[in-house]
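Secondary and tertiary structure notes
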Amino acid sequence: MIDFNRPYLTGKELEYIHQAVKLRKISGNGEFTRKCQNFFEKRYGLIKCLLTTSCTDALEMCALLIGIKEGDEVIVPSYTFVSTANAFVLRGARIVFADSGSENPNVDAGQIENLITSRTKALVVVHYAGVACDMDKIMKIAEKYKLYVIEDNAQGIDSFYNGKPLGSIGHLGVFSFHETKNIISGEGGMLVINDKRFLEKAEIIWEKGTNRAAFFRGETDKYGWVDIGSSFLPSEIIAAFLYAQLENLQLIQEKRREIWNRYYHSLLPLEKSGLLGLPVIPEYSTNNAHMFYLVSRNAEERTSLIGFLRKRGIYAVFHYLSLHQSPYYRKLHDGRSLPMADRYSDCLVRLPLFFELTGKETDQITAAIKEFYKNRIKK
Ligand SMILES: *Cc1c(COP(=O)(O)O)cnc(C)c1O
(Lines give C-alpha, C1' and ligand atoms only; values in the text may rest on other atoms or scores of the structure.)
Protein backbone atom coordinates (compact mmCIF):
# COMPACT_ATOMS: atom_id res chain seq x y z
CA MET A 1 0.00 0.00 0.00
CA ILE A 2 1.27 3.48 -0.81
CA ASP A 3 -0.48 6.14 1.25
CA PHE A 4 -1.30 9.54 -0.14
CA ASN A 5 0.52 11.32 2.68
CA ARG A 6 2.69 10.24 5.57
CA PRO A 7 3.69 12.91 8.09
CA TYR A 8 7.47 12.98 8.44
CA LEU A 9 9.11 13.25 11.86
CA THR A 10 12.63 14.67 11.96
CA GLY A 11 13.49 12.95 15.27
CA LYS A 12 13.79 16.01 17.51
CA GLU A 13 10.08 16.73 18.00
CA LEU A 14 9.68 14.89 21.33
CA GLU A 15 12.97 16.22 22.68
CA TYR A 16 11.87 19.82 22.07
CA ILE A 17 8.42 19.16 23.49
CA HIS A 18 10.15 17.75 26.58
CA GLN A 19 12.25 20.92 26.80
CA ALA A 20 9.14 23.09 26.54
CA VAL A 21 7.45 21.12 29.30
CA LYS A 22 10.53 21.33 31.51
CA LEU A 23 10.53 25.13 31.15
CA ARG A 24 7.08 25.07 32.84
CA LYS A 25 5.80 27.58 30.33
CA ILE A 26 3.57 25.66 27.97
CA SER A 27 0.96 28.26 27.01
CA GLY A 28 1.65 30.37 23.93
CA ASN A 29 4.16 33.10 23.03
CA GLY A 30 7.11 31.51 24.85
CA GLU A 31 10.61 30.44 23.91
CA PHE A 32 9.76 28.02 21.07
CA THR A 33 7.17 30.38 19.60
CA ARG A 34 9.89 33.05 19.44
CA LYS A 35 12.35 30.59 17.90
CA CYS A 36 9.90 29.67 15.15
CA GLN A 37 8.92 33.27 14.43
CA ASN A 38 12.60 34.34 14.38
CA PHE A 39 13.39 31.53 12.01
CA PHE A 40 11.04 32.99 9.41
CA GLU A 41 11.83 36.62 10.14
CA LYS A 42 15.60 36.06 9.76
CA ARG A 43 15.58 33.61 6.87
CA TYR A 44 13.17 35.59 4.72
CA GLY A 45 13.73 39.12 6.02
CA LEU A 46 10.14 39.46 7.29
CA ILE A 47 9.09 42.29 9.61
CA LYS A 48 6.84 40.25 11.89
CA CYS A 49 5.50 36.72 12.09
CA LEU A 50 2.94 35.42 14.57
CA LEU A 51 2.35 31.69 15.01
CA THR A 52 -1.31 30.69 14.98
CA THR A 53 -3.21 27.51 15.71
CA SER A 54 -3.95 27.09 11.98
CA CYS A 55 -3.77 28.85 8.65
CA THR A 56 -7.54 29.17 8.90
CA ASP A 57 -7.04 31.21 12.09
CA ALA A 58 -4.39 33.35 10.41
CA LEU A 59 -6.89 34.09 7.61
CA GLU A 60 -9.52 35.02 10.20
CA MET A 61 -6.98 37.39 11.76
CA CYS A 62 -6.51 38.97 8.31
CA ALA A 63 -10.25 39.60 7.99
CA LEU A 64 -10.27 41.27 11.43
CA LEU A 65 -7.12 43.28 10.68
CA ILE A 66 -8.39 44.82 7.46
CA GLY A 67 -11.72 45.54 9.14
CA ILE A 68 -14.01 43.50 6.91
CA LYS A 69 -17.65 44.34 7.57
CA GLU A 70 -21.09 43.54 6.20
CA GLY A 71 -21.32 44.37 2.52
CA ASP A 72 -17.60 44.46 1.74
CA GLU A 73 -16.54 42.46 -1.27
CA VAL A 74 -13.48 40.22 -1.30
CA ILE A 75 -12.12 38.64 -4.47
CA VAL A 76 -11.09 35.03 -3.88
CA PRO A 77 -10.18 32.24 -6.30
CA SER A 78 -12.92 29.64 -6.56
CA TYR A 79 -10.48 26.76 -6.80
CA THR A 80 -9.12 26.75 -3.24
CA PHE A 81 -9.68 25.41 0.24
CA VAL A 82 -12.82 26.56 2.06
CA SER A 83 -10.96 28.68 4.66
CA THR A 84 -9.65 31.12 2.03
CA ALA A 85 -13.21 32.38 1.59
CA ASN A 86 -14.85 31.37 4.88
CA ALA A 87 -12.60 33.63 6.99
CA PHE A 88 -14.05 36.70 5.24
CA VAL A 89 -17.63 35.41 5.14
CA LEU A 90 -17.46 35.14 8.94
CA ARG A 91 -17.01 38.94 9.07
CA GLY A 92 -19.92 39.55 6.67
CA ALA A 93 -18.10 39.86 3.35
CA ARG A 94 -19.58 38.91 0.03
CA ILE A 95 -17.19 36.70 -1.93
CA VAL A 96 -16.62 37.46 -5.59
CA PHE A 97 -15.02 34.40 -7.09
CA ALA A 98 -12.23 34.61 -9.62
CA ASP A 99 -11.38 31.91 -12.14
CA SER A 100 -8.12 29.99 -12.42
CA GLY A 101 -5.79 30.39 -15.38
CA SER A 102 -5.27 27.78 -18.07
CA GLU A 103 -1.59 27.12 -17.24
CA ASN A 104 -2.17 26.15 -13.60
CA PRO A 105 -4.87 26.51 -10.93
CA ASN A 106 -3.61 29.93 -9.74
CA VAL A 107 -5.92 32.90 -10.21
CA ASP A 108 -6.00 34.37 -13.72
CA ALA A 109 -4.64 37.82 -12.85
CA GLY A 110 -5.87 39.21 -16.16
CA GLN A 111 -9.49 38.73 -15.07
CA ILE A 112 -9.29 40.36 -11.64
CA GLU A 113 -9.84 43.97 -12.71
CA ASN A 114 -13.26 43.16 -14.18
CA LEU A 115 -14.43 41.95 -10.78
CA ILE A 116 -13.62 45.12 -8.85
CA THR A 117 -16.47 47.38 -7.69
CA SER A 118 -16.66 50.33 -5.29
CA ARG A 119 -17.26 47.78 -2.50
CA THR A 120 -14.17 45.67 -3.15
CA LYS A 121 -11.85 45.74 -0.17
CA ALA A 122 -9.32 42.97 -0.71
CA LEU A 123 -7.83 40.45 -3.09
CA VAL A 124 -6.93 37.07 -1.66
CA VAL A 125 -4.54 35.06 -3.80
CA VAL A 126 -3.55 31.43 -3.32
CA HIS A 127 -0.14 30.21 -4.43
CA TYR A 128 -1.47 26.82 -5.44
CA ALA A 129 0.97 23.93 -4.94
CA GLY A 130 3.53 26.51 -3.80
CA VAL A 131 3.71 28.05 -7.28
CA ALA A 132 3.59 31.85 -7.26
CA CYS A 133 0.71 33.86 -8.66
CA ASP A 134 1.56 36.72 -11.02
CA MET A 135 2.27 39.07 -8.11
CA ASP A 136 3.53 42.14 -10.01
CA LYS A 137 0.30 42.28 -11.94
CA ILE A 138 -1.77 41.65 -8.81
CA MET A 139 0.01 44.29 -6.70
CA LYS A 140 -0.35 46.85 -9.50
CA ILE A 141 -4.12 46.30 -9.64
CA ALA A 142 -4.32 46.53 -5.84
CA GLU A 143 -2.42 49.81 -5.82
CA LYS A 144 -4.58 51.30 -8.54
CA TYR A 145 -7.83 50.51 -6.68
CA LYS A 146 -6.40 50.81 -3.13
CA LEU A 147 -7.13 47.23 -2.16
CA TYR A 148 -5.48 44.99 0.40
CA VAL A 149 -3.69 41.91 -0.86
CA ILE A 150 -3.61 38.79 1.28
CA GLU A 151 -1.45 35.89 0.19
CA ASP A 152 -2.86 32.52 1.19
CA ASN A 153 0.52 30.87 1.22
CA ALA A 154 -0.65 27.75 3.07
CA GLN A 155 1.18 25.62 0.50
CA GLY A 156 4.05 27.88 -0.42
CA ILE A 157 6.68 27.68 2.31
CA ASP A 158 10.18 28.44 1.00
CA SER A 159 8.98 29.27 -2.49
CA PHE A 160 9.72 32.54 -4.30
CA TYR A 161 8.32 34.98 -6.82
CA ASN A 162 11.16 36.67 -8.74
CA GLY A 163 13.39 36.15 -5.71
CA LYS A 164 10.82 37.41 -3.18
CA PRO A 165 9.61 34.88 -0.59
CA LEU A 166 5.93 34.00 -1.00
CA GLY A 167 3.94 35.46 1.85
CA SER A 168 6.12 38.59 1.96
CA ILE A 169 4.61 40.46 -1.00
CA GLY A 170 0.99 41.27 -0.06
CA HIS A 171 0.00 43.39 2.96
CA LEU A 172 -0.50 40.16 4.88
CA GLY A 173 0.49 36.54 4.28
CA VAL A 174 -0.52 33.26 5.90
CA PHE A 175 1.11 29.84 6.21
CA SER A 176 -0.14 26.39 7.21
CA PHE A 177 1.63 23.68 9.15
CA HIS A 178 -1.20 21.18 8.86
CA GLU A 179 0.11 17.64 8.64
CA THR A 180 -0.47 17.56 4.88
CA LYS A 181 1.92 20.47 4.22
CA ASN A 182 5.73 20.41 3.73
CA ILE A 183 6.52 21.52 7.30
CA ILE A 184 4.08 20.38 9.94
CA SER A 185 2.93 20.64 13.54
CA GLY A 186 -0.28 18.61 13.25
CA GLU A 187 -2.44 21.69 13.16
CA GLY A 188 -0.69 25.03 12.97
CA GLY A 189 -0.24 28.21 11.01
CA MET A 190 1.34 31.62 10.88
CA LEU A 191 0.43 35.19 10.03
CA VAL A 192 3.04 37.40 8.34
CA ILE A 193 2.60 41.15 8.71
CA ASN A 194 4.27 43.02 5.86
CA ASP A 195 2.51 46.35 6.38
CA LYS A 196 3.70 48.11 9.53
CA ARG A 197 0.26 49.70 10.09
CA PHE A 198 -1.02 46.29 11.21
CA LEU A 199 1.73 45.43 13.69
CA GLU A 200 0.17 46.58 16.94
CA LYS A 201 -3.36 45.52 16.10
CA ALA A 202 -2.20 42.07 14.98
CA GLU A 203 -0.65 41.31 18.36
CA ILE A 204 -3.80 42.47 20.15
CA ILE A 205 -6.08 40.32 18.00
CA TRP A 206 -3.67 37.41 18.53
CA GLU A 207 -3.80 37.83 22.32
CA LYS A 208 -7.59 37.74 22.74
CA GLY A 209 -8.10 41.46 22.29
CA THR A 210 -5.58 42.42 24.98
CA ASN A 211 -2.25 44.23 24.93
CA ARG A 212 -0.64 41.33 26.79
CA ALA A 213 2.26 40.94 24.32
CA ALA A 214 3.27 44.60 24.78
CA PHE A 215 2.90 44.21 28.57
CA PHE A 216 5.30 41.25 28.66
CA ARG A 217 7.83 43.27 26.70
CA GLY A 218 7.53 45.93 29.42
CA GLU A 219 6.05 48.51 27.06
CA THR A 220 3.02 49.15 29.28
CA ASP A 221 2.51 48.75 33.04
CA LYS A 222 -0.84 46.98 32.84
CA TYR A 223 -2.74 44.99 30.30
CA GLY A 224 -6.41 44.69 29.51
CA TRP A 225 -9.10 44.54 26.89
CA VAL A 226 -8.24 47.08 24.20
CA ASP A 227 -9.91 45.74 21.01
CA ILE A 228 -11.68 42.66 19.70
CA GLY A 229 -9.60 39.53 19.25
CA SER A 230 -9.58 35.82 19.91
CA SER A 231 -7.34 32.99 21.05
CA PHE A 232 -5.15 32.58 18.02
CA LEU A 233 -1.83 31.50 19.54
CA PRO A 234 -0.70 27.89 19.72
CA SER A 235 0.76 26.37 22.86
CA GLU A 236 4.51 25.98 23.27
CA ILE A 237 4.08 22.23 22.76
CA ILE A 238 3.00 22.85 19.17
CA ALA A 239 5.76 25.43 18.64
CA ALA A 240 8.39 22.99 19.97
CA PHE A 241 7.26 20.36 17.49
CA LEU A 242 7.30 22.92 14.70
CA TYR A 243 10.82 24.09 15.53
CA ALA A 244 12.18 20.56 15.09
CA GLN A 245 10.64 20.56 11.62
CA LEU A 246 11.96 24.00 10.67
CA GLU A 247 15.52 22.99 11.54
CA ASN A 248 15.19 20.41 8.76
CA LEU A 249 13.53 22.64 6.19
CA GLN A 250 16.36 22.41 3.66
CA LEU A 251 16.55 18.63 3.84
CA ILE A 252 12.77 18.22 3.56
CA GLN A 253 12.51 20.56 0.58
CA GLU A 254 15.36 18.85 -1.27
CA LYS A 255 13.86 15.42 -0.81
CA ARG A 256 10.41 16.55 -1.93
CA ARG A 257 11.87 18.23 -5.02
CA GLU A 258 13.73 15.04 -5.89
CA ILE A 259 10.47 13.06 -5.81
CA TRP A 260 8.66 15.79 -7.73
CA ASN A 261 11.29 15.79 -10.50
CA ARG A 262 11.22 12.01 -10.74
CA TYR A 263 7.44 12.11 -11.27
CA TYR A 264 7.70 14.93 -13.76
CA HIS A 265 10.33 13.36 -16.00
CA SER A 266 8.66 9.98 -15.92
CA LEU A 267 5.24 11.38 -16.90
CA LEU A 268 6.47 13.88 -19.47
CA PRO A 269 6.03 11.46 -22.42
CA LEU A 270 2.33 11.10 -21.50
CA GLU A 271 1.95 14.86 -21.55
CA LYS A 272 3.74 15.08 -24.91
CA SER A 273 1.22 12.55 -26.29
CA GLY A 274 -1.60 14.76 -25.10
CA LEU A 275 -2.95 12.20 -22.63
CA LEU A 276 -2.69 14.37 -19.52
CA GLY A 277 -1.53 17.77 -18.29
CA LEU A 278 1.40 18.36 -15.94
CA PRO A 279 2.05 21.33 -13.61
CA VAL A 280 3.24 24.50 -15.32
CA ILE A 281 5.65 26.62 -13.29
CA PRO A 282 6.04 30.12 -14.72
CA GLU A 283 9.53 31.59 -15.08
CA TYR A 284 8.92 34.00 -12.18
CA SER A 285 8.25 31.17 -9.69
CA THR A 286 10.29 28.53 -7.90
CA ASN A 287 8.93 25.09 -7.07
CA ASN A 288 8.74 24.02 -3.40
CA ALA A 289 7.38 20.59 -4.39
CA HIS A 290 4.39 20.89 -2.11
CA MET A 291 2.29 18.82 -4.44
CA PHE A 292 2.54 16.70 -7.54
CA TYR A 293 -0.59 16.72 -9.62
CA LEU A 294 -1.68 15.82 -13.11
CA VAL A 295 -4.72 17.02 -15.02
CA SER A 296 -6.74 14.33 -16.75
CA ARG A 297 -8.78 14.97 -19.89
CA ASN A 298 -12.19 14.63 -18.24
CA ALA A 299 -13.93 13.69 -15.01
CA GLU A 300 -14.74 10.16 -16.14
CA GLU A 301 -11.09 9.46 -16.95
CA ARG A 302 -10.03 10.85 -13.58
CA THR A 303 -12.43 8.58 -11.69
CA SER A 304 -11.15 5.58 -13.66
CA LEU A 305 -7.51 6.51 -13.06
CA ILE A 306 -7.95 6.94 -9.30
CA GLY A 307 -9.84 3.61 -9.17
CA PHE A 308 -7.15 1.91 -11.27
CA LEU A 309 -4.39 3.12 -8.93
CA ARG A 310 -6.42 2.20 -5.83
CA LYS A 311 -6.66 -1.41 -7.07
CA ARG A 312 -2.86 -1.43 -7.16
CA GLY A 313 -2.64 -0.13 -3.61
CA ILE A 314 -1.84 3.47 -4.57
CA TYR A 315 -3.79 6.27 -2.93
CA ALA A 316 -4.15 9.18 -5.34
CA VAL A 317 -6.76 11.80 -4.49
CA PHE A 318 -8.53 14.79 -5.96
CA HIS A 319 -9.63 17.95 -4.19
CA TYR A 320 -11.44 21.26 -4.21
CA LEU A 321 -14.99 21.29 -5.39
CA SER A 322 -14.81 24.83 -6.76
CA LEU A 323 -16.32 27.08 -4.10
CA HIS A 324 -18.77 28.88 -6.39
CA GLN A 325 -20.41 25.45 -6.85
CA SER A 326 -20.27 24.51 -3.16
CA PRO A 327 -23.47 23.60 -1.30
CA TYR A 328 -22.97 26.61 0.99
CA TYR A 329 -22.07 29.36 -1.46
CA ARG A 330 -23.82 28.25 -4.69
CA LYS A 331 -26.94 30.27 -3.84
CA LEU A 332 -24.91 33.34 -2.95
CA HIS A 333 -22.66 33.29 -6.01
CA ASP A 334 -23.44 35.84 -8.71
CA GLY A 335 -23.95 33.14 -11.34
CA ARG A 336 -20.87 33.70 -13.51
CA SER A 337 -19.44 30.47 -14.86
CA LEU A 338 -15.80 29.78 -13.97
CA PRO A 339 -14.78 27.14 -16.47
CA MET A 340 -11.13 26.74 -15.46
CA ALA A 341 -11.94 26.30 -11.75
CA ASP A 342 -14.48 23.66 -12.77
CA ARG A 343 -11.94 21.96 -14.99
CA TYR A 344 -9.46 21.56 -12.13
CA SER A 345 -12.32 20.43 -9.87
CA ASP A 346 -13.20 17.73 -12.38
CA CYS A 347 -9.81 16.67 -13.67
CA LEU A 348 -6.97 17.27 -11.20
CA VAL A 349 -5.35 14.25 -9.53
CA ARG A 350 -2.81 14.52 -6.69
CA LEU A 351 -0.22 11.77 -6.45
CA PRO A 352 1.38 10.58 -3.18
CA LEU A 353 4.21 12.92 -2.17
CA PHE A 354 5.92 12.72 1.20
CA PHE A 355 9.47 12.65 2.57
CA GLU A 356 9.67 8.90 2.97
CA LEU A 357 8.29 8.00 -0.46
CA THR A 358 11.07 6.01 -2.13
CA GLY A 359 12.28 6.23 -5.71
CA LYS A 360 11.10 2.68 -6.22
CA GLU A 361 7.59 3.57 -5.04
CA THR A 362 7.55 6.65 -7.23
CA ASP A 363 8.48 4.50 -10.22
CA GLN A 364 5.80 1.99 -9.28
CA ILE A 365 3.21 4.78 -9.32
CA THR A 366 4.28 6.21 -12.67
CA ALA A 367 4.43 2.69 -14.14
CA ALA A 368 0.82 2.14 -13.06
CA ILE A 369 -0.23 5.46 -14.61
CA LYS A 370 1.48 4.52 -17.86
CA GLU A 371 -0.27 1.16 -17.81
CA PHE A 372 -3.60 2.94 -17.35
CA TYR A 373 -3.03 5.19 -20.34
CA LYS A 374 -1.71 2.42 -22.58
CA ASN A 375 -5.28 1.39 -23.42
CA ARG A 376 -6.49 4.94 -23.82
CA ILE A 377 -4.11 6.29 -26.41
CA LYS A 378 -6.70 6.18 -29.17
CA LYS A 379 -9.52 8.38 -28.01
C1 LIG B 1 -4.22 23.85 3.95
C2 LIG B 1 -4.80 25.09 3.41
C3 LIG B 1 -5.52 25.99 4.22
C4 LIG B 1 -5.90 25.70 5.64
O5 LIG B 1 -4.83 25.49 6.48
P6 LIG B 1 -5.10 25.00 7.99
O7 LIG B 1 -3.77 25.19 8.63
O8 LIG B 1 -5.52 23.59 7.90
O9 LIG B 1 -6.14 25.87 8.56
C10 LIG B 1 -5.94 27.18 3.66
N11 LIG B 1 -5.70 27.48 2.38
C12 LIG B 1 -5.05 26.64 1.56
C13 LIG B 1 -4.80 27.04 0.15
C14 LIG B 1 -4.59 25.40 2.05
O15 LIG B 1 -3.95 24.57 1.23
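This text gives an overview of the structure that appears in the document.

Procedures and definitions
- Residues numbered from 1 in each chain as written.
- Predicted model: local features only at pLDDT ≥ 70, side-chain atom pairs only at ≥ 80, totals over all residues.
- Heavy atoms only, no water.
- Helix = DSSP H or I, 4+ residues; strand = E, 2+ residues; numbered from the N terminus.
- Expected span 1.5 Å × (residues − 1).
- Buried < 20%, exposed > 50% of the residue type's maximum accessible area, 1.4 Å probe, protein only.
- Near = heavy atom within 4 Å.
- Polar contact = N/O pair within 3.5 Å; in protein donor to acceptor, adjacent residues only side chain to side chain.
- Areas by Shrake-Rupley, 256 points an atom, 1.4 Å probe, with all protein chains shown as cover.
- Nonpolar A, V, L, I, M, F, W, Y, C, P; charged D, E, K, R; others polar.
- Salt bridge = Lys/Arg side-chain N within 4 Å of Asp/Glu carboxyl O.
- Patch = residues over 30% accessible without salt bridge, like charges linked within 9 Å, V, L, I, M, F, W, Y side chains within 5 Å.
- Disulfide = S-S within 2.5 Å.
- Pairing = 2+ DSSP bridges.
- Axes fitted to C-alpha atoms, helices over the stretch in contact; angles between N-to-C directions.
- Contact = heavy atoms within 4.5 Å.

**Comments concerning helix α2 (residues 31-44)**
Think of an α-helix as 3.6 residues a turn; residues three or four steps apart then line up on the same face. An ideal rise of 1.5 Å per residue puts 20 Å on 14 residues; α2 measures up with 20 Å between its terminal C-alpha atoms. Residues of α2 that are buried include every one of Phe 32, Thr 33, Cys 36, Gln 37, Phe 39, Phe 40, Glu 41 and Tyr 44, and no others. Phi turns positive, to about 60°, at Gly 45, one or two residues after α2.

**A look at the site of the ligand**
Not every one of the 15 residues close to the ligand is listed here, only the nearest: Thr 56, Asp 152, Gln 155, Ser 176 and Lys 181. Asp 152 has a polar side-chain atom sitting 2.8 Å from a nitrogen atom of the ligand. Interatomic distance of 3.4 Å between a side-chain N/O atom of Tyr 320 and an oxygen atom of the ligand. Isolated, the ligand exposes 380 Å² of accessible area, and the fraction of that covered by the protein chains is 93%. Along the lines of polarity and charge, the residues of the shell around the ligand split into 5 nonpolar, 8 polar and 2 charged.

**Examining the pattern of salt bridges**
Summed over the entire model, instances satisfying the criterion amount to 19 salt bridges. Between Arg 34 and Glu 31 there is a salt bridge; the shortest N-O distance is 3.5 Å. On the criterion of helical spacing, the pair formed by Arg 34 and Glu 31 is a turn pair, its members being 3 residues apart in helix α2. We classify Arg 34 as partly exposed; its relative accessible area is 41%. Classification of Glu 31 as partly exposed rests on a relative accessible area of 37%. Residues Arg 376 and Glu 300 are paired through a salt bridge, measuring 3.7 Å at the closest nitrogen-oxygen approach. Of this pair, Arg 376 sits in the segment after α12 (359-374) while Glu 300 sits in helix α10 (residues 299-311), and the two are 76 residues apart along the sequence.

**Points about a nonpolar patch on the surface**
Together, Val 21, Ile 26 and Ile 237 give the surface a local cluster of nonpolar side chains, amounting to about 210 Å² of exposed area. Here Val 21 shows up in helix α1 (residues 13-22). Exposure remark for Val 21: the relative accessible area of 39% places this residue in the partly exposed category.

**Here we look at the state of the cysteines**
By the definition in use, this model includes 0 disulfides. With no disulfide partner, Cys 36 has as its closest neighbouring cysteine sulfur the one in Cys 49, 10 Å distant.

**Observations regarding the sheet that holds strand β5 (residues 148-152)**
The 7 strands are arranged β1-β9-β8-β5-β4-β2-β3 in an open sheet whose pairing can be described as mixed. The outermost strands of the open sheet, each flanked by one partner alone, are β1 (48-52) and β3 (94-98). Going across the sheet, the axis of each strand differs from the next one's by a mean of 20°, ignoring polarity. Sheet topology note: the strand β2 (residues 73-77)/β3 ladder contains 5 bridges and is parallel. Looking across to β3, one finds that Glu 73 is bridged to Arg 94. Each of β2, β3, β4 (120-126) and β5 is contacted by helix α4 (residues 82-89), which is oriented at about 150° to β3, the strand it contacts most. Contacts from helix α5 (residues 135-145) reach β4 and β5, with the element oriented near 150° to β5.

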